[in-house]
Amino acid sequence: MSGANPEAVKVVVRCRPLNSKEKADGRQQIVDMDTKSGQVSLRNPAADSSEAPKTFTFDAAYDANCTQEQIFEQSAKPIVNSCMQGYNGTIFAYGQTGTGKSHTMTGQPGEQAGIIPRSFAHIFEGVEGSSDTQWMVRASFLEIYNEEVRDLLSKDPKNKLDVKEHKESGVYVKGLNAFVVKSVPELQNVLAVGDKNRSTGATMMNQDSSRSHSIFSITIEGMDKNAAANSEGHIRVGKLNLVDLAGSERQSKTGATGDRLKEATKINLSLSALGNVISALVDGKSGHIPYRDSKLTRLLQDSLGGNTKTVMVANMGPADWNYDETLSTLRYANRAKNIKNKPRINEDPKDAMLREFQDEIKRLKELLEVCVGKACQE
Amino acid sequence: MEAPGHESVIDQVKEVLSRPVDESQPYKHWYDASDLLQTELDKLRGPGALRDGTSDPEGVAWLMAQQGLCLLETDLRHQGEACILAALPRLELRAEGAGLPGFSPSQSTHHEQQPQSAPTEHLEVSGVGHKAIAVLQRCYNALGALWSERGELESALMWLNKAERLYHGQRKRVLQQKGENKDSLPSPPGSGAEGAGQADPAYAGDVLEAGYTLTVFSLAQVHAHAGSKEQSALYCAATLQRQLASGEVQLSEWVQNCLQLSAYYVNASAFAIGQYLLDAVQRIAQVEAEKKRQALDASDGQATGGEAWTRVLDEDVAANVHLAWGKLYLYRLVASLAYMQQSGSQKPSLPYPSPEHFPDLLRFPSLSHLLPSPEELPWGVSALATTFEAARDLFNAAIPRFNAALEYYKLDGWVTEYVTTQLEVSNLYRVLAAFEQDPKRCAAMHKLRASRLAHLVGALNPQHYLGLSRSIDLETANAWRDHVDALTDKLDSKAPNKSSKAIAEGARAATHSYTRFLNSFRKEDAGQMPDRIDADNEHFFLMAAFNLGRVLHRSALRVDQHTSESDLDIMVQAYKHLHWIADYVRRHKIEKMKQEASMAEQLASLIAEKIDLSKKVASMPKK
């Protein structure tokens, strides 16, 4: 049974401008974006003029003229607001190397601040601006590498953690640390510590950090102060997940980490991805065997077809030499729009229900005839 | 990667590619490798020389192919492709000159061909021509991947089919040579006989074998992308075979993949193949367990038989083996019911109806001595139960498997797997009940089905498990509904009140669960129902709503002077509900539910009569 709000997963795309090297090399712009309709057109630079450009439509399209503030206000802020109100929200960042993912998500101080610092600021504006509510904000940071989950805030980030499910609280990572933070600088510090552990850990374990996904989670608990005084506090708990998806081109060429957000036409060169290929053959059917390679999907299953507001921000480059990778990003983003839970039910055919209705009507008619007969006799 | 006469540049390229990757410039090492190869190419061509005016056209082709393969790893894929395409004619000529039977570079048309069986014995190759073949194979594989990523799947298949033909042609040639002069060739790797002959340092067998495994794996993926699941499944099986034969598998991972492939065939009602794959899993795990037993001292107390095979697998994979067997039996039962319910010419045919239809690619030749012969497997309709006894046998085979899986997949820790497995068990009861002729036993089965789910009703937090919660409520409701229908069939005329009471209780239970399910669509707690339910769920919503309408009034069957106010209320509720759902269908013009809506209104009008009659009878003077 699907619990999905069909509008829950929004996909927005952002195309950066041609950089100085691309301009110096005389590269052509092959991406056209209609920011009003959300349509993106991609022209194949190697094709002749008779080949129509490929078009995709998304919930929003941001071109080189769009500002960091616009993207935050339109695509990310509604998610952060809903988390403040006690709902869950997830923001995915997707983009191949050099497409501006870091700029979109992190950016630079000031006007060029990206989604993450703006989200932090907005959370604490809300916290500091509401005197009637008692707030607690906690942060956790984990990475998934080769289907192993690690706590980036742990004293020993090499330890693997288990992903479990609880019938009340949902999916959780057993043993994951969450630190209480009281200000934007504290939140930024947590992020910085985790990033550092990610790089250090990658070096120590000889792993490629660009192949790992990371999830920075901010849990926001709010309680009405007046209600608290009367012991009738209603606590609302929202969770914001900021997900940095592994660089796709590196992932596909060196081996999949096995998440279910598979690209439509990529070829995986690593035999460790055979499981994904086979699993996809039974995708959507009720008869599949539980997946082993789904840590990311399991951790975010509320975001994918659940009752969480989700936005995926897909970044891409404009130049002709990026055609293949840009096309890949657009296909991936397009596919993300269609992620939903498939219903699971042992369903009787509709025809059987019709027959049963007919029987029911017949039964009731007979019963009424008998009862009317008895009543008349009486 | 050895290039004839260009070993030093190849060594330099290898050194560059082995350096740690700079994350801020992830393509740099590929660019550097490409630049080295370009320098070497420039030397061959000389200043001002035409591309074809080189004294070493093979060397040029070789280097261009290598350069192209490097550039395909970067964002300069177009250039990479161009390099490879420029190199191909010369490489193909070299391969042809190496006497490759059945290979012609002009065969560039793409067409689906019956996949040949994927050989598992290693290929022995040597000589310059064969190195050209190895590079050619890499180029074909790379172009196949490139075109797949562009979404041009026919082109991708064309290149991969070329790679496949190249390998098979080479294999045929080498085997013919082996037949002529067996002793001069090195032993296959992993055969344990490497010391028997002088190994050729330029040995390329491993490279070609690995390349072919990649070809087969890529074909599996491209066919999947193209929606050709059957072809994809065959190539997935071929890949599994080659992994097994290479001896380089992680057992649990291989088993898990084989289980998933089995699930594909079970879903497609190809039960014989599904079972073959499960037999293979079981045997491999048992062989491994036996090896471990022999390696250890048997007196250490470890069990040596029975379930010893579970200990060589990761715990979750061992549970999945049980689950896969349980599902095999369950879906045989489901298919049996569907078959029984269809009549005459409408009876569905099952895929792979006999052993003759067993594809070569799906067989595991290295396991043939361990597995049952194909004739012993349940092909086609022989997999189906046609009697209650046969159905019960399948049921009895499935239940312990599901219970074993649930030993691992406990509710605390594995909510999703636990619930979905319980829903499968409920399905098992549902289908077996359909074979049961005795209504009393049938009713008991449905009641048991509902009772297995009872502890889950309301147990999950809908904020995290809305889909599963709804599934539980709907399945429970349907189980009670079926229980009520079975009781109605066996209505005991000698004890009508007892029967009516049991029916009313069952109907109330069904009503409770249907109502829970429908209420889960309200906007907030006890809020308004949305004007229209989302497309994903609307069908289930409507089915549940109609079923509720059908069972609701059954909670109050008595139409006599003993009809209570609460019974009347129930009948009024039923009346209103039936009109509401009929109105929903009409309002949204849901054509496929028009008949149901019309019947709902008929039922509503009968219920109205029942209400009137109840009131009249209630108002009559009591004797």
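From a predicted model like this one, the values you see are computed outputs, not experimental measurements.

K.L.:
It is not clear to me how the overall build of chain B should be interpreted in this structure. Could you clarify?
P.N.:
Of the regular secondary structure elements, chain B holds 19 helices and 0 strands. Residues classed as buried in chain B amount to 54% of the 623 residues present. The long-range share in chain B, meaning contacts at least 24 apart out of those at least 6 apart in sequence, stands at 72%. For chain B, the accessible surface area stands at approximately 26,900 Å², while carbon and sulfur atoms represent 51% of it.

K.L.:
When you look at the pairing of strand β1 (residues 9-15) of chain A in this model, what are you seeing that I'm missing?
P.N.:
All names here are of chain A. Burial analysis of β1 places 6 of its 7 residues in the buried class, the great majority of the element. Sheet analysis places β1 next to strand β15 (residues 309-316), joined by 7 bridges and oriented parallel. Looking across to β15, one finds that Lys10 is bridged to Val311. Direction of pairing for β1 relative to strand β5 (residues 60-62): parallel, over a ladder of 3 bridges. The residue bridging Val12 from the neighbouring strand is Ala60, located in β5.

K.L.:
Mind showing me how you'd approach the packing of helix α9 (residues 251-267) of chain B against helix α10 (residues 271-295) of chain B here?
P.N.:
Residues and elements named next belong to chain B. Between α9 and α10, the least distance of the axes is 7 Å, while the angle of their chain directions is 165 degrees. The orientation of α9 with respect to α10, classified from their angle, is roughly antiparallel. Considering the relative orientation of α9 and α10, their crossing is left-handed. The residues of α10 that touch α9, namely those facing Leu251, Trp254, Val255, Cys258, Leu259, Leu261, Ser262, Tyr265 and Val266, are Phe271, Ile273, Gly274, Leu277, Leu278, Val281, Ile284 and Glu288. In terms of residue class, the contact of α9 with α10 is made up of 14 nonpolar, 2 polar and 1 charged.

K.L.:
Help me understand the UniProt feature "binding site: ATP" (unreviewed entry) in chain A, please; the structure alone is not making it clear to me.
P.N.:
Residue and element names in this part refer to chain A. Under the feature "binding site: ATP" (unreviewed entry), the UniProt entry names Gly95, Gln96, Thr97, Gly98, Thr99, Gly100, Lys101 and Ser102. The residue Gly98 is located in the loop between β6 (88-95) and α3 (101-105) in this model. We classify Gly98 as exposed; its relative accessible area is 53%. Its location among the elements puts Ser102 in helix α3.

K.L.:
Help me out: how do you make sense of the pattern of salt bridges in this one?
P.N.:
Opposite charge on two side chains permits pairing when their charged atoms draw close. All names here are of chain A. Under the counting rule described, the total for this entry stands at 34 salt bridges over all chains. The closest approach of N and O atoms between Lys77 and Glu73, which form a salt bridge, is 3.1 Å. Pair noted here: Lys77 and Glu73 are both in helix α2 (residues 68-84), with a separation of 4 residues, about one helical turn. Owing to a relative accessible area of 22%, Lys77 belongs among the partly exposed residues under this scheme. Residue classification places Glu73 among the partly exposed positions, given a relative accessible area of 36%. Notably, a salt bridge pairs Lys160 with Glu148, separated by 3.5 Å at the nearest N-O pair. Of this pair, Lys160 sits in strand β9 (residues 160-161) while Glu148 sits in strand β8 (residues 148-151); the two residues are 12 residues apart in sequence, bridging distant segments of the chain. Overall, the relative accessible area of 55% leaves Lys160 in the exposed class.

K.L.:
Would you mind going over the nonpolar core with me for this structure?
P.N.:
For soluble globular proteins, the rule of thumb is that nonpolar side chains tend to be buried together. Grouped together as the largest cluster of nonpolar side chains are 106 residues, with contacts concentrated most on Trp254(B), Val255(B), Leu261(B), Tyr265(B), Leu313(B) and Phe364(B). The element best represented in this core is helix α11 (residues 315-341) of chain B, accounting for 14 residues. Every residue in contact with Trp254(B), bar those within four places of it in the chain, is listed here: Leu240(B), Gln243(B), Leu244(B), Val249(B), Val281(B), Ile284(B) and Phe364(B). In terms of nonpolar packing, the next biggest core, distinct from the first, is built from 52 residues, Met353(A), Leu368(A), Met571(B) and Ala574(B) among them.

K.L.:
Is there a simple way to think about the packing of α11(B) against helix α13 (residues 415-435) of chain B in this case?
P.N.:
In a packed pair of helices, the relevant descriptors are the angle between the two axes and the axis-to-axis distance. Residue and element names in this part refer to chain B. For the pair α11 and α13, the least separation of the axes is 10 Å and the interaxial angle reads 35 degrees. Both α11 and α13 take part in a crossing whose hand is left-handed. When α11 is examined against α13, the residues Leu323, Lys327, Leu330, Tyr331, Leu333, Val334, Ser336, Leu337 and Met340 are found in contact with a partner set consisting of Thr421, Glu424, Asn427, Leu428, Val431, Leu432, Ala434 and Phe435. Class assignment of the residues belonging to the contact of α11 with α13 gives a composition of 12 nonpolar, 3 polar and 2 charged.

K.L.:
Help me understand helix α12 (residues 388-408) of chain B in this model?
P.N.:
An α-helical turn contains 3.6 residues, so a residue and the one three or four places further along point in the same direction. With 21 residues, α12(B) should reach 30 Å at 1.5 Å per residue; the first-to-last C-alpha distance of 31 Å fits that figure. Listing the buried residues of α12(B) in full gives Phe388(B), Ala391(B), Leu394(B), Phe395(B), Ala398(B), Ile399(B), Arg401(B), Phe402(B), Ala405(B) and Leu406(B).

K.L.:
Mind showing me how you'd approach helix α14 (residues 439-453) of chain B here?
P.N.:
All names here are of chain B. Spanning 15 residues, α14 covers 22 Å between terminal C-alpha atoms, matching the ideal 21 Å at 1.5 Å per step. Where α14 is buried, its residues touch α12, α13 and α15 (462-489). Structurally, the start of α14 carries an N-cap: the backbone nitrogen of Lys440 is 2.8 Å from a side-chain oxygen of Asp438.

Criteria and cut-off values
Residues numbered from 1 in each chain as written. Chains lettered and ligands numbered in written order. Predicted model: local features only at pLDDT ≥ 70, side-chain atom pairs only at ≥ 80, totals over all residues. Heavy atoms only, no water. Helix = DSSP H or I, 4+ residues; strand = E, 2+ residues; numbered from the N terminus. Buried < 20%, exposed > 50% of the residue type's maximum accessible area, 1.4 Å probe, protein only. Contact = heavy atoms within 4.5 Å. Areas by Shrake-Rupley, 256 points an atom, 1.4 Å probe, with all protein chains shown as cover. Pairing = 2+ DSSP bridges. Axes fitted to C-alpha atoms, helices over the stretch in contact; angles between N-to-C directions. Parallel < 35°, antiparallel > 145°, perpendicular 65-115°, else oblique. Left-handed = near helix turned anticlockwise from the far one by under 90°. Nonpolar A, V, L, I, M, F, W, Y, C, P; charged D, E, K, R; others polar. UniProt positions renumbered as here; feature names shortened; annotations may be inferred. Salt bridge = Lys/Arg side-chain N within 4 Å of Asp/Glu carboxyl O. Core = buried A, V, L, I, M, F, W, Y, C linked by side-chain atoms within 4.5 Å. Expected span 1.5 Å × (residues − 1). Polar contact = N/O pair within 3.5 Å; in protein donor to acceptor, adjacent residues only side chain to side chain.

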